[in-house]
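# Working through the structure, step by step
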Amino acid sequence: MPRPMTKGEVEAQVTHPPAAPEAAPEAPPAAQPKALPEPPPKAPAREPAWAEGVKRLRKAATTEPGRLRVIGAVVAALVLAFGAVTTWETTSRADAADRVLHRSQPLSADAAAIYRSLADANTAASTGFLGGGQEPADIRERYQRDIERASEKLATAAANAGSGGNGSSAAAISALNKLLPQYTSLIERARANNRQGLPLGGAYLRYANDTMQTRMLPAAEKLYKAENQRLDDDYADAEPYPWAALSLGALALAALVWTQRRNYRRTNRVFNAGLLAASTAAAVVLLWLVVGHTVARSGLSTSYDDGVRSLTVLNDARISSLKARGNENLTLVSRGAETTEEGKDKFDTAYQQQMRRLAGDSGLLAQAARLADDDAGKRPVATAADNVTVWKDRHKSARASDDAGRYEAALDKVIGSGGAKGGPGSASTGESFDNVDAALDTALAHEQREFQRAAEDGKGAMAGLPVGAAVLAVLGATGAVLGIGRRLSEYR
């Protein structure tokens, strides 16, 4: 049991209290992670340039000078766009019209000439064969001219096959270039055998004719159709109205009128020289565009209706007459060696088909007469039709003689009594054919001149329009800017 403390001990403890026990050393504070510096505030996102531009325009549009600047820029841009589109569209149409006049139609005519020359060469070869061992000199010369002309036209067609042509034209030209030497070789063999009086000459001639009829003339027709299609495509590019340019022109002119009206209402001034000049320039281009293209379209349409269509029908008629003449000659050459399934002479049947295509109310000559637009075009067609009638009558007489076994009489009625001496005599089918061919040649020359005149008128109507439109558009835009600038100067 503890001893009780004395009074003195209590006082001493109060006066000098005991020292408190030492506290244990505190543990060092844990290492605190360093605080990361705060990121700088994000810069506001920059708007796109077009958005800034729109804002500036909006801000500018709240003031009259700003509105005037916007109006001036829009009007000038419209006038320049009108000029640019007009230049582009009229240039493309003028180029197409130039192709019609100087490329596609001449190439179409050359393709028709190739067909015609080949058919005529075949006819001349059979006529010369009928003349006997000694071929008439003029018939021989005619054959040579036809072959040379066909070769020259083929060279021209080949040179142009790569410039705007198509694969069909190139294939036809390639086929004709391969077949032409083969054909002429067969004709020479036929002549050599005919001079010796060998029947093999007739077989060679029929083989040559078969090569011409089944391979060469179809290839020439393919070329002719391809060139006609190219001509139609060029017409299709040249004739459409330039709607984009017309629309822009009307819009630009309306904007100029509205701007001047606005100017008048705000300033009470009737005229602004710059805007008036711009309006005049735009109106001149628009009127020039409408009138020029209308006249050009009319000329091109006339050149097609009165020229190209007539030329096509006349070329077909001439080719039919050449085929008919060739088959008529081969009727006498074959002397019934080749017949149809019905037992009729093959070549006389082909002759009848070509004559039906040529004559009659719906024949090619009747179509050509309807398409001819003046007496100069109608007269040769009427002459050709009259001679076709005579030709048919003489052919009937020749066939009657041949069927009766009078071959020499039939031969005289086909090539004439002077045939063996250098050309058809009178009252022969050969004379009728020559008259038909000459009349069709006259009609073709007349229609070619008609086409040339109308196509040149159409092309000439657009002369100067592309350059004129560009110049006037620049002047118009300049006038609009100066006119607006004059109005802006009043605010300075």
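The structure presented is a predicted model; accordingly, all values stated were derived computationally and were not measured. (Residues numbered from 1 in each chain as written. Predicted model: local features only at pLDDT ≥ 70, side-chain atom pairs only at ≥ 80, totals over all residues. Heavy atoms only, no water.)

### Structural notes on the layout of surface pockets
Reported here for the largest pocket is a volume of approximately 260 Å³. Secondary structure elements with two or more residues in the lining of the largest pocket: α3 (64–130), α6 (200–238), α8 (273–334) and α12 (407–415). Here the lining of the largest pocket is composed, by residue class, of 8 nonpolar, 3 polar and 2 charged. (1 Å grid on protein atoms, 1.4 Å probe; cavity = no way out; pocket = protein on both sides within 12 Å on 5 of 7 lines; lining within 4 Å. Points joined across faces, edges and corners; volume = space filled by probe spheres on them. Helix = DSSP H or I, 4+ residues; strand = E, 2+ residues; numbered from the N terminus. Nonpolar A, V, L, I, M, F, W, Y, C, P; charged D, E, K, R; others polar.)

### Some thoughts on the environment of N160
Within the element layout of this structure, N160 appears in helix α4 (residues 137–160). Taking the C-alpha atoms as reference, N160 lies 8.3 Å from L107; in sequence the two are 53 residues apart.

### So, α4
Residues separated by three or four positions in an α-helix point in the same direction, a consequence of the helix having 3.6 residues per turn. The first and last C-alpha atoms of α4 sit 35 Å apart over 24 residues, in line with the 34 Å expected at 1.5 Å per residue. Looking at α4, one finds that the buried residues are I139, R142, Y143, D146, I147, A150, L154 and A157. Contact partners of the buried residues in α4: α3, α5 (167–195), α6 and α14 (429–460). (Expected span 1.5 Å × (residues − 1). Buried < 20%, exposed > 50% of the residue type's maximum accessible area, 1.4 Å probe, protein only. Contact = heavy atoms within 4.5 Å.)

### Describing the nonpolar core
L118, Y143, L176, Y183, L205, M216 and F451 are the most contacted members of the largest nonpolar core, which totals 85 residues. Ignoring sequence-local partners within four residues, the contact set of L176 consists of I114, L118, L154, M216, A219 and A220. (Core = buried A, V, L, I, M, F, W, Y, C linked by side-chain atoms within 4.5 Å.)

### Some details on the pattern of salt bridges
Applying the stated criterion across every chain yields a total of 20 salt bridges. R99 is paired through a salt bridge with D234; the nearest N and O atoms lie 3.0 Å apart. One end of the pair, R99, is in helix α3; the other, D234, is in helix α6, with 135 residues separating them in the sequence. Judged by its relative accessible area of 4%, D234 is buried. Linking K153 and D110 is a salt bridge whose minimum nitrogen-to-oxygen distance equals 3.1 Å. Residue K153 is found in helix α4, and its partner D110 is found in helix α3; the two are separated by 43 residues along the sequence. For K153, a relative accessible area of 25% puts it in the partly exposed group. (Salt bridge = Lys/Arg side-chain N within 4 Å of Asp/Glu carboxyl O.)

### Overview of the packing of α3 against α5
One can describe the packing of α3 onto α5 by two numbers: an axis separation of 11 Å at closest approach and a directional angle of 10°. Viewed along their axes, α3 and α5 adopt a mutual orientation that is roughly parallel. Only L176, L180, Y183, I187, A190 and N194 of α5 make contact with α3, whose side of the interface consists of I114, L118, A121, N122, A125 and F129. Split into classes, the residues belonging to the contact of α3 with α5 amount to 10 nonpolar, 2 polar and no charged. (Axes fitted to C-alpha atoms, helices over the stretch in contact; angles between N-to-C directions. Parallel < 35°, antiparallel > 145°, perpendicular 65-115°, else oblique.)

### Some words on a nonpolar patch on the surface
There is a patch of nonpolar side chains on the surface, built from L287, V290, V291 and V295 and spanning about 330 Å² of accessible area. Structurally, the position occupied by V291 is in helix α8. Judged by its relative accessible area of 46%, V291 falls in the partly exposed class. (Patch = residues over 30% accessible without salt bridge, like charges linked within 9 Å, V, L, I, M, F, W, Y side chains within 5 Å. Areas by Shrake-Rupley, 256 points an atom, 1.4 Å probe, with all protein chains shown as cover.)

### Quick notes on the packing of α6 against α8
For the pair α6 and α8, interaxial distance at closest approach is 13 Å and the crossing angle is 175°. Viewed along their axes, α6 and α8 adopt a mutual orientation that is roughly antiparallel. Packed against α6, whose contacting residues are G202, L205, R206, N209, Q213, L217, Y224, L231, D232, Y235 and A238, the element α8 presents H293, L300, S303, Y304, V308, T312, N315, D316, K323, L330, V333 and S334 at the interface. Per-class residue counts for the contact of α6 with α8 are 11 nonpolar, 8 polar and 4 charged.

### Structural notes on the packing of aromatic side chains
Counted under the stated rule, the structure contains 4 aromatic pairs. Here Y235 and Y304 contribute two aromatic rings whose centre-to-centre distance is 5.1 Å and whose plane-to-plane angle is 75°, an arrangement assigned as edge-to-face. Taken together, the residues Y235 in helix α6 and Y304 in helix α8 connect sequence positions 69 residues apart. Connected via pairs of aromatic rings, a cluster forms that spans Y351, W391 and F433. (Phe/Tyr/Trp six-rings, centres within 6.5 Å; stacked < 30°, edge-to-face > 60°.)

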